[in-house]
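What follows is the residue order along each chain.
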Amino acid sequence: MNTANTGHAVVPAHSGRFGSLAADDRYQGYAFEPETDEGPKLDFRVIYAILRRNALLIGGVISLAAITGLTATLLMTPRYVATASVQVDQEADRVLSSQDVQPAAAYQDADRFLQTQVDVLKSRAMTIRVAQSLNLVGSPKLFETMHSKMPEPKIGLDRRQQLKDATVSLISDNLGVSLPRESRVVSISFKSPDQRFSALVANAYATEFISSNLQRKYDSSTYARDFLSKQLGEAKTRLEISERDLNNYARSAGLIKTSEPGANGTSVGPRSITTASLVQLNEAANEARSARTAAEQKWRSAAGTPLMNITDVLANPAIQTLLQRQAEASAALSQERERHRDTYPTVIQLQAQVEQLSQQIRTLATNIRSSIRDQYQVAMKLEQSLDTDVRALKGDTLAEQDRSVRYNILAREADTNRTLYDGLLQRFKEVSAAAGITSNNVSVIDQADPPSKPSSPKLFLNLAFSLLAGLAAAAALVFIREQMDDAVRVPEDIDRKLGLTVLGAIPLVKAGEDVLELLQSPRSAISEAYHGLRTSLLYSSIEGLPRNLLVTSSQSGEGKSTTSFAIAADLAKLDKRVVLVDVDLRRPSLHRVLGTRNGIGLSSLLTRQARVDQAIQATSIANLMFIASGPIPPSPTELLGSPSMRELLEKLGEEFDVVVLDGPPVLGLADAPILSALVEGTIFVVESSRGHRGATKAAVRRLQSAHSHLLGGVLTKFDPRKAGNNQYYGYDYYYYGISDDHDGKAKITVA
């Protein structure tokens, strides 16, 4: 069928479970666009639809908020804010070079100092000073001026303390202290219903802040002198005791110091004669150990080397002389043997000379090797002797070190006490010299004047805040309502709420119209919608149209039977051999829609009471056959889950190009999940704007848990005029119909 001649077919460009479906240029007017790799985008059309559905709720909440804000503003008591300002310097005037002032600090420290002054202004102590200076503690006039009630007496509580706490709380709640960045000027503001009272309290805070600052400095100076005087006496006593203990211990322990300890109590040289002797003897022992090691190495080398190959033997001048004489005698002996026999006297004399020289060489070489051994033994004895002396001195040194530990502790304690005493003495002199000098680092910049107009309430600001609060509350309510709303209203909701691919959207049939007649009309809106659904199924997998399909829904009455018939009929019109099977063995309905009998059907085939050729019925549509549900069995789930169902699908797949199953609803039954696991593709039908209360999502999860191949979802009974816009995303063609004019000719009209 050529869809170009029948209207705008609904064919979404989407990525399905089994492959990719590319949208044709003829379907650019389709309602929803495909998702891209860029991720989900903000769709203002969906937002508009949500706002339109909740217009009354949003308007009511915002109106209520505006009325509340206006009423509250009119009922508020006017309040006046008076502001005084003081400058806070980090340094006061320096009178003496040793005067105790805060030095110039880094930027971070300066900020910390200024923030400390702000905290002092906000402190409870400062509020009490101001209240006492103005006689406001427990004053009925204060509570009357501030339009506040005095606290009721409570049993068990001190009335004076109760009034004092109430006064402090009332003043603190209306006090404002601010410090702008990059500034040393602190603003002190007070808010009350009386202009003059606001100025009075603000100025009192500035005055009391300066007085408090001076008082703290004087008090701290007096306290410092008393504290330093007491600490100085104690430090002096500790210093005398520690020095006396140090001398007494050195005398009793017999420690004769030859050097002074260095930093941190460490010694810069030998501390006693014993230690010096140990150091010298240890150095000699180390040298003897090195000499013994060299002698031992030399002896081991000589002991393992042939006598005449020893280095010292070969280097000995006497050995070299004897070897030369031996060589000369051997040469003369060789010459004589060439001329005479071995018994000749000259030969015998030379031979005896050679043997004598050889004996002398061996004797001298043996003596050289023995001297190497003797040197090793002497070095070893010297090392052992020195090691014995070192061990003896170590014991004496360790004992002396044990006594020195106590001495070092006492010495460090004496040094610490001496340093502390010198520091306290110097500080006491500085504080005594600076005592009585009054300097202040706080000065008043602006006095507070009674304000001429109230600072609150502000009508327009309060209304703005009320509208913003109402808008936020309305947005929250709409968000909660939409999140809890499981109804699928527009095609995009299938993807957004159910996570399924949108295969098509079927328009709502007007009351009094026959669905079967509209399906037979090639230019009807519902016929065009099912053509688009059929086209989507043709490209729903990489192998094209699945060989068997299951059509199901979450609940009954959502249009799955009509969708099953429409899909089967449209596929049959493409010259495909199609069989439509009613697998709803509990409430079958397709036989009534098609006007066929329901005597022999699916239940008969599954119980092997009939053959397939006996159950198949012809329809008025070419290439479309029908198998009714048959008699209702007592246990449909067992029949549908039996091997006979799988065998039947395989047999029908051999005889037909496509097998379309009109399945039962998912919720409450196990039939649909079982069937969905047997087929190549499952189509999920959702009725538009039907309040499911979680049923649809639960049905999808059940199908997914059964490992179903969900091709996507089909939105039925869709009315775009109720989706938020009469011209919803190009769905105008849904309201095209055919009517006859006065000439009796067909004419396309727009509803």
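Note: the structure precedes this text.
### Some thoughts on the packing of aromatic side chains
All chains considered together, the criterion is met by one aromatic pair. Taken together, a centroid distance of 6.0 Å and an interplanar angle of 70° make the contact between Phe190 and Phe197 edge-to-face.

### Some points on the pattern of salt bridges
The final tally for this structure, using the stated rule, is 16 salt bridges. Across the salt bridge formed by Asp387 and Arg289, the nearest N and O atoms sit 2.9 Å from each other. Of this pair, Asp387 sits in helix H11 (residues 345–434) while Arg289 sits in helix H8 (residues 273–303), placing them 98 residues apart in sequence. Note on Arg289: relative accessible area 30%, which makes it partly exposed. Salt-bridge contacts for Arg418 lead to Asp415; the nearest nitrogen and oxygen are separated by 3.0 Å. In this pair, Arg418 and Asp415 are both assigned in helix H11, three residues apart and thus about one turn of the helix distant.

### Some points on the sheet that holds strand E7 (residues 502–507)
Sheet strands pair by backbone hydrogen bonding; their relative direction is either parallel or antiparallel. Pairing is mixed across the open sheet formed by eight strands, whose spatial order is E7-E14-E13-E8-E12-E9-E11-E10. Either end of the sheet is taken by a strand with one partner, and the two such strands are E7 and strand E10 (616–618). On average, each strand axis in the sheet is inclined to that of its neighbour by 25°, with strand direction left out of account. With four bridges connecting them, E7 and strand E14 (residues 710–718) associate as parallel partners. If you follow Pro507 over to E14, its bridge partner there is Phe718. Against the sheet, helix H13 (residues 491–498) touches E7, strand E13 (681–687) and E14, its axis set at about 135° to E14. Each of E7, strand E8 (548–553), E13 and E14 touches helix H15 (residues 525–538); the most contacted strand, E7, lies at about 170° to it.

### Notes on the pairing of strand E9 (residues 578–582)
Burial within E9 is extensive, with five of its five residues counted as buried. Of the two faces of E9, the one carrying Val578, Leu580 and Asp582 and the one carrying Val579 and Val581 are both buried. Two strands pair when backbone bridges link them, and E9 and strand E11 (residues 624–627) are joined in this way by four bridges, in the parallel orientation. Opposite Leu580, over in E11, you have Phe626 as the bridge partner.

Basis of the calculations
Residues numbered from 1 in each chain as written. Predicted model: local features only at pLDDT ≥ 70, side-chain atom pairs only at ≥ 80, totals over all residues. Heavy atoms only, no water. Phe/Tyr/Trp six-rings, centres within 6.5 Å; stacked < 30°, edge-to-face > 60°. Salt bridge = Lys/Arg side-chain N within 4 Å of Asp/Glu carboxyl O. Helix = DSSP H or I, 4+ residues; strand = E, 2+ residues; numbered from the N terminus. Buried < 20%, exposed > 50% of the residue type's maximum accessible area, 1.4 Å probe, protein only. Pairing = 2+ DSSP bridges. Axes fitted to C-alpha atoms, helices over the stretch in contact; angles between N-to-C directions. Contact = heavy atoms within 4.5 Å.

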